[in-house]
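Spelled out from the first residue to the last, the chains are:
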Amino acid sequence: MGDNISMNLCWRSTIWDGLLSVLLCLSLAGTVQGETVANTPLSLQDALDIALQQHPILRVGQADIEAARQRVWQETAGYLPRGAYTYRFMREEIPVTTAVGGIEADDIIQRRTTSQTFNFHRTNFRMSQLLFDFGRTLHAIRSAVADVDASRSDLETLKQTVIFNTKQAYYSLLSTQRLLKVGEETVRQNTQLLEEAQARLEVGLAPRFDVTQSQVQLSNAQLNLVIAKNNVALSHETLRTALGSPQPLTFSVEDTLDRRSFTFDAETILQLAYASRSELRSIQAQQRMTAERVASLQKQYLPSVSGDAQYNWTGREHPLQDGWQLGVTLTFPLFNDIRTIAQVGEVQANLRRLKAEEENLRLKITIEVRRSLLTLRQAEESIRVNE
């Protein structure tokens, strides 16, 4: 019996020791893996994914799209039936005329007026449905849909801006890091030159001017090194802002300053820019929205037809007396032509402004594309000369 208990305890101890060993190995593996992930340099694609996921300016664009979608539903509600249910309770004091004794005097019945209080109930259920408005509501819906398209294009513009800022900050950080290495190497070399100049001065092989010149060069190199370190710190902050991160960067970036040769046709690139720039699509969608708004306002000169239905319950006591009614309402606007004319004129002016903005934007895109191509060619020539 004692041997069985001892063997059982040993067996359980062996199992617990094995489980603890497995858990310890998993913990160490997780720690090593976490350190590996933490020490992995951030690639450009990873930076872009982080920026597109967490940058707050993109949430602003998404909120604008959602607000525009809700405006579509607001305009669509004009085609839906409208109804209301009301209940009203009143307590009224009503004059009541009664005969006094029923005695006639000179063929005139003497009467006395008294007051009596009554409870009064009124219940009403009514519905109305727009039947025809010459397309006024339809144009309003189309205007709201175009507003959604404009908001989507604006969000795409924000995304492209975030991508551009992230790439620019990423490559700027890589550039400042390389310049920092150059600055450190320059300080090291000038330190050696100063030591050599001092050694030659001590043995009489060099004048003191060489030592002074080496000291000046070393001081300039140290100053440039301080500036390079500061530029690296500023580049880290710029990249953090581009990523939309509220915390400072605690990881390194992957050095991918590779150079590729580009061959572009200026006119082809320009036409591609016209077709793909989201700013142009946004303005064009705003133009459609404004044109539909003009059409909707112009339909306000015309009448509208709607159907009405009501069911009523009234009386002093339950059960109340009930009744219903059906009807068609023709509404013709009067005395508001001046206001409608002014509204149409305002929206038409906004439409002309949007068309002028599109022309101005095309001019900006043209100069941006041509300037970028010239800058690219200059950079390629500079690299070739420096090599």
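A brief look at the structure comes next. (Residues numbered from 1 in each chain as written. Predicted model: local features only at pLDDT ≥ 70, side-chain atom pairs only at ≥ 80, totals over all residues. Heavy atoms only, no water.)

## Quick notes on the packing of aromatic side chains
Phase 1: Scanning the model with the defined rule gives three aromatic pairs in all.
Phase 2: Ring centres of Tyr-170 and Tyr-171 lie 6.0 Å apart, and the angle between their planes is 90°; on these two criteria the pair is classed as edge-to-face.
Phase 3: The side chain of Arg-362 reaches across the aromatic face of Tyr-274, ending 5.1 Å from its centre. (Phe/Tyr/Trp six-rings, centres within 6.5 Å; stacked < 30°, edge-to-face > 60°. Lys NZ or Arg CZ within 6 Å of the ring centre and 35° of its normal.)

## Quick word on the layout of surface pockets
Phase 1: Taken as a whole, the largest pocket encloses approximately 1900 Å³ of empty space.
Phase 2: Forming the boundary of the largest pocket are 33 residues, of which Phe-164, Lys-167, Phe-262, Ser-372 and Leu-376 lie nearest the centre.
Phase 3: Counting residues per element, the ones that place at least two in the lining of the largest pocket are helix H4 (136–202), helix H6 (266–276), helix H7 (278–298) and helix H8 (337–386).
Phase 4: With 10 residues, H4 is the single largest residue contributor to the lining of the largest pocket.
Phase 5: Of the residues that constitute the lining of the largest pocket, the class distribution is 14 nonpolar, 10 polar and nine charged.
Phase 6: For the second largest pocket, the calculated volume is near 370 Å³.
Phase 7: In this structure, the second largest pocket is lined by 18 residues; those nearest its centre are Gly-78, Arg-82, Leu-130, Asp-133 and Thr-137. (1 Å grid on protein atoms, 1.4 Å probe; cavity = no way out; pocket = protein on both sides within 12 Å on 5 of 7 lines; lining within 4 Å. Points joined across faces, edges and corners; volume = space filled by probe spheres on them. Helix = DSSP H or I, 4+ residues; strand = E, 2+ residues; numbered from the N terminus. Nonpolar A, V, L, I, M, F, W, Y, C, P; charged D, E, K, R; others polar.)

## Section: the nonpolar core
Phase 1: With 28 residues, the main nonpolar core has Tyr-170, Leu-239, Leu-243 and Val-253 as its most contacted residues.
Phase 2: When contributions to this core are tallied by element, the ones reaching two or more residues are helix H2 (44–54), helix H3 (56–76), H4 and helix H5 (208–243).
Phase 3: Sequence-distant contacts of Val-253, defined by excluding residues within four places in its chain, comprise Pro-41, Leu-42, Tyr-170, Leu-173, Leu-174, Gln-177 and Leu-239.
Phase 4: Counting residues in hydrophobic clusters, the runner-up holds nine residues, among them Ala-273, Leu-361, Ile-365 and Leu-373. (Core = buried A, V, L, I, M, F, W, Y, C linked by side-chain atoms within 4.5 Å. Buried < 20%, exposed > 50% of the residue type's maximum accessible area, 1.4 Å probe, protein only. Contact = heavy atoms within 4.5 Å.)

## What to know about the pattern of salt bridges
Phase 1: Under the definition given, this model contains 12 salt bridges.
Phase 2: Residue Asp-149 is joined to Arg-288 by a salt bridge in which the shortest nitrogen-to-oxygen separation is 3.5 Å. Of this pair, Asp-149 sits in helix H4 while Arg-288 sits in helix H7, placing them 139 residues apart in sequence.
Phase 3: A relative accessible area of 43% places Arg-288 in the partly exposed class.
Phase 4: As a salt-bridge pair, Glu-358 and Arg-362 come within 3.5 Å of each other at their nearest N and O atoms. (Salt bridge = Lys/Arg side-chain N within 4 Å of Asp/Glu carboxyl O.)

## Quick look at H2
Phase 1: Listing the buried residues of H2 in full gives Leu-44, Ala-47, Leu-48 and Ala-51. The buried residues of H2 occupy an angular sector of 100° when projected down its axis, which confines them to one face.
Phase 2: Those residues of H2 that are buried are in contact with H3, H4 and H5. (Arc of directions from axis to C-beta.)

## A word on the environment of Leu-361
Phase 1: Looking at the secondary structure, you find Leu-361 in helix H8.
Phase 2: Residues Leu-361 and Glu-279, spaced 82 residues apart in sequence, show a C-alpha to C-alpha distance of 8.1 Å.
Phase 3: Ignoring sequence-local partners within four residues, the contact set of Leu-361 consists of Glu-279, Leu-280 and Ile-283.

## A word on unusual backbone geometry
A negative phi angle characterises most non-glycine residues, just as the trans form characterises most peptide bonds.
Phase 1: Residue Pro-319 follows His-318 across a cis peptide bond; omega there is 0°.
Phase 2: Backbone geometry places Phe-134, a non-glycine residue, at a positive phi of 60°.

Without other data, these values stay purely geometric and don't point to any function.
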